[in-house]
Amino acid sequence: GGGHGQFAAVPLNLCASPSVKATYIVNGTWSERAVLDAEKYCDHLEIIKNSHRTDCNYTSFPDIAGKVAPDSKFVYLCSNETVNGIEVFDL
């Protein structure tokens, strides 16, 4: 669908140069799928994964304090992981 198309469109447009760095925060199913497409177009990915994962289920948002690369051109975050029921209200 259209959402899956955006997983590719964002890195395809923003990672035009091989030196561009992007940070992806993985907190559920949709952000995992976004990383799969980003890996096709971005040479330098900083991936922050959720450490509170059990049996392929995400149960909370990962701690991102001090982990986002300051030289990232963009940060990807899915604020409403509907598959796993994780919603982010504040950063």
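For the structure given in this document, a descriptive report is provided here. In every chain, residue numbers begin from 1 and rise along the written sequence. Local features in a predicted model are, by the rule used here, given only for residues with pLDDT of at least 70; side-chain atom pairs are given and counted only at 80 or more, and totals for whole chains, interfaces and linings are based on all residues. In computing side-chain values, all of the structure's heavy atoms are included and hydrogens and water are not.

### Overview of the side chain of S31
Then step 1. With respect to the secondary-structure elements, S31 resides in helix α2 (residues 29-41).
Then step 2. Burial status follows relative accessibility: with a 1.4 Å probe on protein chains alone, a residue under 20% of its type maximum counts as buried, one over 50% as exposed, and anything between as partly exposed. Note on S31: relative accessible area 0%, which makes it buried.
Then step 3. Should any heavy atoms of two residues lie within 4.5 Å, those residues are considered in contact. Leaving out residues up to four positions away in the same chain, S31 has contacts with I25, V26, Y76, C78 and E81. Starting at the N terminus, helices and strands are each numbered in turn, a helix being any DSSP run of H or I of at least four residues and a strand any DSSP run of E of at least two.

### With respect to the sheet that holds strand β5 (residues 72-77)
Then step 1. Strand order in the open sheet formed by 3 strands is β2-β1-β5, and the pairing between neighbours is parallel. Each edge of the sheet is formed by a strand with only one pairing partner; in this case those strands are β2 (44-49) and β5. Neighbour to neighbour, the strand axes of the sheet diverge by 20 degrees on average, direction disregarded.
Then step 2. At least two DSSP bridges between two strands are required for those strands to pair. For strand β1 (residues 21-26) and β2, the ladder comprises 6 bridges, and the chain directions are parallel. Residue V26 lies in a different strand from β2, and its bridge partner there is K49.
Then step 3. Seen against the sheet, helix α1 (residues 2-14) touches β1 and β5 and runs at an angle of roughly 170 degrees to β5.
Then step 4. Only the stretch in contact is used when fitting a helix axis, every axis being a line fitted to C-alpha atoms; angles between N-to-C directions are given from 0 to 180 degrees. Of the strands in this sheet, β1, β2 and β5 are in contact with α2, which crosses β1 at around 155 degrees.

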